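Spelled out, the chains give:
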Amino acid sequence: MRILVTNDDGILSPGLDSLVRVARRFGEVFVVAPDVERSGVSHAITLTEPLRAREMGPGCWALSGTPADCVFIGLNHLLPSRPDLVLAGVNRGPNLGFDVLYSGTVGGAMEGTIQGLPAVAFSLVSAGTFPFAWSEPVVDRIIRDVAAHSMPDGVMLNVNIPAPDVAPLRGFRLTRLGNRFYSSDVIHRTDPRGGEYLWIGGTRVTMESAPDADTGAIHEGFVSVTPVKPDLMAREAMPALARYDAMTMPPDSAASLEGNR
Ligand code: MN
């Protein structure tokens, strides 16, 4: 297998080293990762600045862009041929529930999905110490499974692994995204030169504890495996919003409709 590995914590993060170590057991590994931490950039791509790729070693590049940039540039320019699998992580911290909308780790994997490849985002959930070496057998188990079975079209896996300081490991669970809310605190401070700045806090988290939700499963000691996809379309809302399909302008309106039906 040929595997492309990226992350959002940056090229120097220990979680990336850990994922690369495991991925090498399955074949040839290429790394394209952000040159600095890019956590929270979601699926952003860089369109207004040049991207510079620095070769750090054979098959390993640090890119001055986002995780989605890394996968796009990796697949379409840096790699000698198309890989079979895209992996992102292992993230330093959880990507649970609504986190998947903000996560650069998920964004990188999702770019792989959009490019038609099976993809997995890995995150390690810990209260503090992040034992990446400890989580390697779990990462190995998931990659082994993904290599053996094909992934449904257009779907990627979001995997969260609870470290022993969260709960003793009990197994794997297929989950849905749970509800997870951050406190809405904004920190207002003054910098050393007298300028005011704001920093998004959100340090206190409340989350759903239902056992079938990713947020609940990890606290019971289960590796949470959630299928996610780039299609955000709310199909179930179509009947309730059907009126938009026949909406008209008032007769006395300045704007007129030329009769589009
Ligand atoms: Mn991160």
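Residues numbered from 1 in each chain as written. Predicted model: local features only at pLDDT ≥ 70, side-chain atom pairs only at ≥ 80, totals over all residues. Heavy atoms only, no water.

### What to know about the coordination of the manganese ion
Convention followed: Sites may look incomplete because water is not among the atoms; the donors themselves are N, O and S atoms within 2.8 Å of the metal, or within 3.2 Å for Na, K and Ca. Only protein chains enter the accessibility calculation, which uses a 1.4 Å probe; a residue is then buried when its area is under 20% of its type maximum, exposed when over 50%, and partly exposed in between.
Every protein donor of the manganese ion is listed here as D8 (OD), D9 (OD), S39 (OG) and N91 (OD1), and their distances to the metal cover 2.1 to 2.3 Å. Judged by relative accessible area, D8 falls into the buried class, the value being 2%. By relative accessible area, which is 6% here, N91 ends up buried.

### Looking at the environment of V139
Cut-off, in case you're wondering: Helix and strand labels come from DSSP, where a helix needs a run of H or I of at least four residues and a strand needs a run of E of at least two; each type is numbered from the N terminus. What makes two residues a contact is simply this: any of their non-hydrogen atoms within 4.5 Å.
With respect to the element layout, V139 can be found in helix α5 (residues 132–148). Considering only alpha carbons, one finds V139 and S18, 121 residues apart in sequence, at a separation of 9.2 Å. Here V139 is in contact with L19, V22, V90, F122 and I161, once residues within four sequence places are set aside.

### A look at the sheet that holds strand β8 (residues 171–174)
Short version of the rule: DSSP-based pairing: two strands are paired if at least 2 bridges between them are found. Axis lines are fitted to C-alpha atoms, over the contacting stretch for helices. Their N-to-C directions set the angle, which ranges from 0 to 180 degrees.
The strand order β3-β4-β2-β1-β5-β6-β7-β13-β8 describes an open sheet built from 9 strands, whose pairing is mixed. The sheet is open, and its two edges are formed by β3 (53–57) and β8, each paired on a single side. Going across the sheet, the axis of each strand differs from the next one's by a mean of 20°, ignoring polarity. Bridging between strand β6 (residues 119–125) and strand β7 (residues 156–162) involves 6 bridges; their strand directions are parallel. Across the sheet, residue F122 finds its bridge partner in β7, namely V159. Set on the sheet, helix α2 (residues 67–78) makes contact with β1 (2–6), β2 (28–34), β3, β4 (60–63) and β5 (85–92); between it and β2 the angle comes to about 135°.

### Quick word on the layout of surface pockets
We apply this condition: Grid points spaced at 1 Å and placed over the protein atoms alone form the basis of the search, with a cavity being a set where a 1.4 Å probe fits but cannot get out and a pocket an open set showing protein on both sides within 12 Å along at least five of seven lines. Lining residues have an atom within 4 Å of a point. Grid points are joined across faces, edges and corners, and a volume is the space filled by probe spheres set on the points. Gly falls in the polar group here, along with every residue not listed as nonpolar (Ala, Val, Leu, Ile, Met, Phe, Trp, Tyr, Cys, Pro) or charged (Asp, Glu, Lys, Arg).
Empty space within the largest pocket amounts to approximately 840 Å³. Taken together, 32 residues make up the lining of the largest pocket; nearest its centre are P94, N95, D99, R180 and Y182. Those elements that provide at least two residues to the lining of the largest pocket are β5, α3 (99–102) and β9 (180–182). When residues of the lining of the largest pocket are assigned to their parent elements, the largest contribution, 3 residues, is made by β9. Here the lining of the largest pocket is composed, by residue class, of 13 nonpolar, 13 polar and 6 charged. Its boundaries defined by the atoms lining it, the second largest pocket holds a volume of some 380 Å³. Contributing elements (two or more residues each) for the lining of the second largest pocket: α3, α4 (104–114) and β13 (222–228). The leading source of residues in the lining of the second largest pocket is α4, at 4 residues.

### Things to note about the nonpolar core
To be explicit about the condition: Here, nonpolar core refers to any group of buried Ala, Val, Leu, Ile, Met, Phe, Trp, Tyr and Cys residues whose side-chain atoms link them within 4.5 Å.
Core analysis: the biggest nonpolar cluster contains 34 residues, and V5, V31, L87, F122, I143 and V159 have the highest contact counts within it. Considering every element that reaches this core, the biggest residue donor is α5, with 6 residues. Apart from residues no more than four positions distant in its own chain, V159 is found in contact with V120, A121, F122, S123, I142, V223, S224 and V225.

### Some thoughts on the packing of aromatic side chains
Two aromatic rings are characterised by how far apart their centres lie and by the angle between their planes. In plain terms, the rule: Note on aromatic pairs: the rings of Phe, Tyr and Trp (six-membered ring only in Trp) are paired at centre separations within 6.5 Å, and the planes decide the class, stacked below 30 degrees, edge-to-face beyond 60, tilted for the rest.
Inspection of every chain in the model, using the stated rule, returns 3 aromatic pairs. Centroid distance F98 to F181: 5.8 Å. Interplanar angle 70°. Geometry classified as edge-to-face. Taken together, the positions of F98 in the loop between β5 and α3 and F181 in strand β9 put the pair 83 residues apart, joining distant regions of the chain. Residue class for F98 comes out partly exposed when judged on its relative accessible area of 36%. Note on Y197 and W199: the rings are 6.3 Å apart at their centroids and 70° apart in plane angle, and the pair reads as edge-to-face.

### Some points on the side chain of T113
Tracing the backbone shows T113 in helix α4. Classification of T113 by relative accessible area gives buried; the value is 7%. Discounting residues that sit within four places of it in the chain, T113 has contacts with A119, G154, V155, M156 and P230.

### Points about the environment of D214
The condition is simple: Here a polar contact means two N or O atoms within 3.5 Å. Within protein one must be a hydrogen donor candidate and the other an acceptor candidate, and residues neighboring in sequence count only if both atoms are side-chain atoms.
Checked against the element boundaries, D214 lands in helix α6 (residues 214–217). Once you skip the residues sitting within four places of it in the chain, D214 turns out to touch N95, L96, G97, T175, R176, L177, G178, S224 and T226. Within the structure, D214 has its side chain in polar contact with the backbone nitrogen of G97 (distance 2.9 Å).

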